[in-house]
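Listed here are the chains, written in short residue letters.
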Amino acid sequence: MTISASGAQTSALLLPGQYTTTTDPELLHGLLTSSSSSLSPSTGFNSSSVSLPLTVALEPGLAIYSNSLYGGSAGFSSLPTSPVGNSSTSLSAQSLALSSNIWAAINVGSTNRVVFWDSVPDFSQLAVSGSLSLVDMQSSACEPACSSNGICTSSGTCSCAAGFTGASCESCESGFFGLSCQACPSGCLDCDDGISGTGKCLAFNITNAPSSCNCLNGECGSNGQCSCNAGWTTADNGTACAKCASGFFLTSTGDCKICEIGCSACADITGDCQTCKSGFTQDANDKTKCDAEPTTTSSGTVCPDGSFSSGTTCSTCSPSCQTCNGATSNDCIICASGSYAFNGSCITADSNGVCEGTGLIADNNKKECDTCGAKCTSCGISGFTTASTVNQLQCTGCLPGSFLSNGSCVSSCPAGTFISSQDNTTCSVCDSSCSTCAGSSTFCLTCANGELASNGQCVSTCPANTVASNSTKTCLNCHPDCVSCSGTAFNQCLSCPPDRPVLNQGRCLPVCGKSQFFDSTSGSCQACDSSCSSCSGSGSSECLACSSSSQVLKGGSCVSANCNGTTDVVTGLGVCLSDLVVVPQASSSAAPLPTITGLTQPTVVTQTSSKRLQWWEILLMALGCAFIFLAVIWCWRRRARKQRAKRTKAFAQAKNIDQSTSWRWRLVRFGEKLFGHRASKRAYPEPTPDANPGLDSEALKLMKLRNAEEARHNQEMEKLMLISDYQYPPEKRSSYYPPSVLPSLYDVGHSRKHLHAVDSATNRLSGPSLYSQVTGVPRNGPEARQPVKKDLITSRFSASSLNSSTAHSAKSRDLTRPHTPAEQYAMDVRSDLLVDTSTPEQSSHHAHWIQPTHTGATVSSKNPFRR
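Residues numbered from 1 in each chain as written. Predicted model: local features only at pLDDT ≥ 70, side-chain atom pairs only at ≥ 80, totals over all residues. Heavy atoms only, no water.

Peer 1: Would you mind showing me how to read unusual backbone geometry here?
Peer 2: Peptide bonds are mostly trans, and most non-glycine residues show a negative phi. Put simply, Leu52 and Pro53 share a cis peptide bond, and its omega is -5 degrees. Along the polypeptide, Pro53 turns up in the loop between β4 (38-40) and β5 (54-56). Of note in the backbone geometry, Tyr70 takes a positive phi value of approximately 60 degrees without being a glycine. The exposure class of Tyr70 is buried, given its relative accessible area of 15%. (Helix = DSSP H or I, 4+ residues; strand = E, 2+ residues; numbered from the N terminus. Buried < 20%, exposed > 50% of the residue type's maximum accessible area, 1.4 Å probe, protein only.)

In structure tokens, the structure reads:
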């Protein structure tokens, strides 16, 4: 392409490649970035405007040049969109250029077929010579490769010839047949199609089929109305000619037949009369018939057959009648021999048994004109006489869509027959050599006697380019890609034609790989020499292009380029840039060369200053920043609220003030609302130790048990105090009572105030109600009595726990006081049983204990002062 711009020092010729804003030199950069740049493409190159990055590449196809080194007049052949077949195009060129991923098969000379994958700068440097003609050109992007009936496009898909289909264009479309997939004859609804098909019509198009006008047993007219066969009428569902008319009944064969004489309605299948006409009674022996009542004169005389009552006498019937009820031919009950009842009159029949003026058949048994059949448009009985029966009836015409076979109308021709091409409605018998045939009696689709059908003929062995099918007993054509085959598929080839010589895994391909050539001697693809990118034969002298970018082709061999100056081999063209460009030399006699700046300077890309922002851009940026700031603040506050709620919940759980509503409270509130009671305040239970995960639950249990034991002990002490704590004065004490051996409970009595501090709930004989426990409001009525706890809790304290509790209780009493006289007396009398309480060590732990004395009792003592 030539690029130019107004005001530029010169234009420039762009070789194939990609050009950007940083492409050197500065001159080219100025041309590429100029607002007035324009392109002038050569033949095969197409670009209307300069749009960076700019890619200069040959369009998919082949460009030829009249001179070497891509000079002279140029011609371009684009990639074909359909197979070229066996045609060839003569080329008059000294060099050619190929676009990427395109190969071209060119006949060089008379017999040498050469496949080119790369551009050729000079045909004279090839190892082959001769006239050139292009025979095929395709893209190599298709995988798998296209068949011979398709061509690979640059997009990587196969473009099929007319009549072919498939991903590789390997099969015929429906309605096409033969090796070239030609269309079946016009008028065929179905034909013997496919690559191995014969194209014979198996079914014909029906232009006026009954179904086209919602009809079943009739013919469609030009106005779209259906004309029913005799005996048929419109069904209840609206389908025309689908139900038997009045006076007809449906037989087991699907035909509508007329009822017997005198019957106006009869049953389907059996034909039994359901309603007899006036003047007729049902026959006692034959339910299908209705007999005419005998006519009598006024005197009561019964008139014989052939006469009727005319008052006082019997009169003769019309000659057309066998029996009658009047004098005219329209008064016949049963018609005379040779005539048949039709619409109240008697008519005759022709030699084929067809009632004159109708399309009905004469029935000698019913003495009526009856229908031919559901699908018959005309019928007859050959050699009709009065002895003929209706089972001798033969259809002579059928409704469209039905076919006449052996005197019957059928939906399809039976085996051994074919549809006659003369009227497309008659089934004709095949020749005796054919099991099935089409088009004519001798064109066999399958053969009798075990022979094979090949193109309508019966043969014992299949001819060349065909393969026998054991399942169909026919000779099937090989795929058009193959010369011989093992099957009909395009990948079952055994040998290949000259235009597709490469046999690879059952497929015949047109070319080998790019770095290979086809060896006709071995019939296989062979690798090119390592110096060749593509080649026409073995050895280093058969190269068509070089694999090294530093070599060029000379006489079929790849040699060092030795480009002049600092130029290199142009990629894709296979020639030095110095060979394409002529640099004039300065001379003293010649005119001085023009000076062009920017040829050697590298491209300098200057950074353009950023443009000033508009007011609305600044506003949008400010609003965006404010939104982001508010979003961050909102997220931070939301997180802080969650953390504060979490800490509050933990605190409430630790203090047991976050009580969830239980089903009992909801039940109480429902009852209060139901009976109009004012809302009660919620009473919460005592906090549990589990609310504080740091509290030792085991120590808390021991503390509760110790408190309960002390409460029980204090309760027992209070009971004993009521009995024995009272002390008489010394002057009023009776001498009868000896001094008490028990220690004084004086101190215990003084600690009564301490005992009353114990929770009263421990000594209660009745517990609070469920209502009081939930609401905290005392009952209006008396509390329910609860059973008294008789079994007291036995002590479960260890010695250390008991000592610690006793030591704690000793602190609340003064056990080291001086002994009273009574205590001193008891100490003197029973010093072995009592413990001295004057010392802190003993008084603190054993102030109220006595030594156990065995009395023979089996039950352990419950005296709290015993050990």
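Peer 1: Looking at this structure, how should I read the nonpolar core?
Peer 2: When a protein is soluble and globular, its nonpolar side chains tend to lie buried together. Core analysis: the biggest nonpolar cluster contains 29 residues, and Leu62, Leu96, Ile106, Phe116 and Leu126 have the highest contact counts within it. For this core, the elements supplying multiple residues, two or more each, are β6 (61-67), β9 (95-98), β10 (102-108), β11 (112-116), β12 (132-139), β57 (532-535) and β58 (543-546). Of all the elements, β10 adds the most residues to this core, at four residues. Non-local contacts of Ile106, meaning those with residues more than four positions away in its chain, are made with Leu91, Leu96, Asn112, Arg113, Val114, Phe116, Leu132, Ser133, Leu134 and Val135. Counting 21 residues, the second largest nonpolar core, distinct from the first, contains Leu31, Ala63, Tyr65 and Ala97. (Core = buried A, V, L, I, M, F, W, Y, C linked by side-chain atoms within 4.5 Å. Contact = heavy atoms within 4.5 Å.)

Peer 1: Please explain the sheet that holds strand β1 (residues 2-4) as it appears in this structure.
Peer 2: Working definition: the strands of a sheet are paired by backbone hydrogen bonds and lie parallel or antiparallel to each other. Strand order in the open sheet made by the three strands is β2-β1-β4, with antiparallel pairing throughout. Either end of the sheet is taken by a strand with one partner, and the two such strands are β2 (12-13) and β4. Both β1 and β2 contribute to a ladder of two bridges, which runs antiparallel. Bridging across to β2, Ile3 finds its partner in Ala12. (Pairing = 2+ DSSP bridges.)

Peer 1: What's the story with the pattern of salt bridges in this structure? I'm lost.
Peer 2: If the charged atoms of two oppositely charged side chains come close together, the side chains can form a pair. Inspection of every chain in the model, using the stated rule, returns five salt bridges. Residue Asp236 pairs with Lys243 through a salt bridge whose shortest N-O separation is 3.3 Å. Judged by relative accessible area, Lys243 falls into the partly exposed class, the value being 34%. A salt bridge links Lys366 to Asp370; its shortest N-O distance comes to 3.3 Å. In this structure, Lys366 and Asp370 share a single accessibility class: buried. (Salt bridge = Lys/Arg side-chain N within 4 Å of Asp/Glu carboxyl O.)

Peer 1: So what exactly am I meant to see when it comes to the sheet that holds strand β7 (residues 71-78) here?
Peer 2: The three strands are arranged β7-β6-β9 in an open sheet whose pairing can be described as antiparallel. The sheet is open, and its two borders are formed by β7 and β9, each paired with just one other strand. Averaged over all neighbouring strand pairs, the angle between strand axes comes to 20 degrees, with direction disregarded. Inspection of the sheet shows β6 paired to β7 by six bridges, in the antiparallel sense. The residue bridging Leu62 from the neighbouring strand is Ser77, located in β7. (Axes fitted to C-alpha atoms, helices over the stretch in contact; angles between N-to-C directions.)

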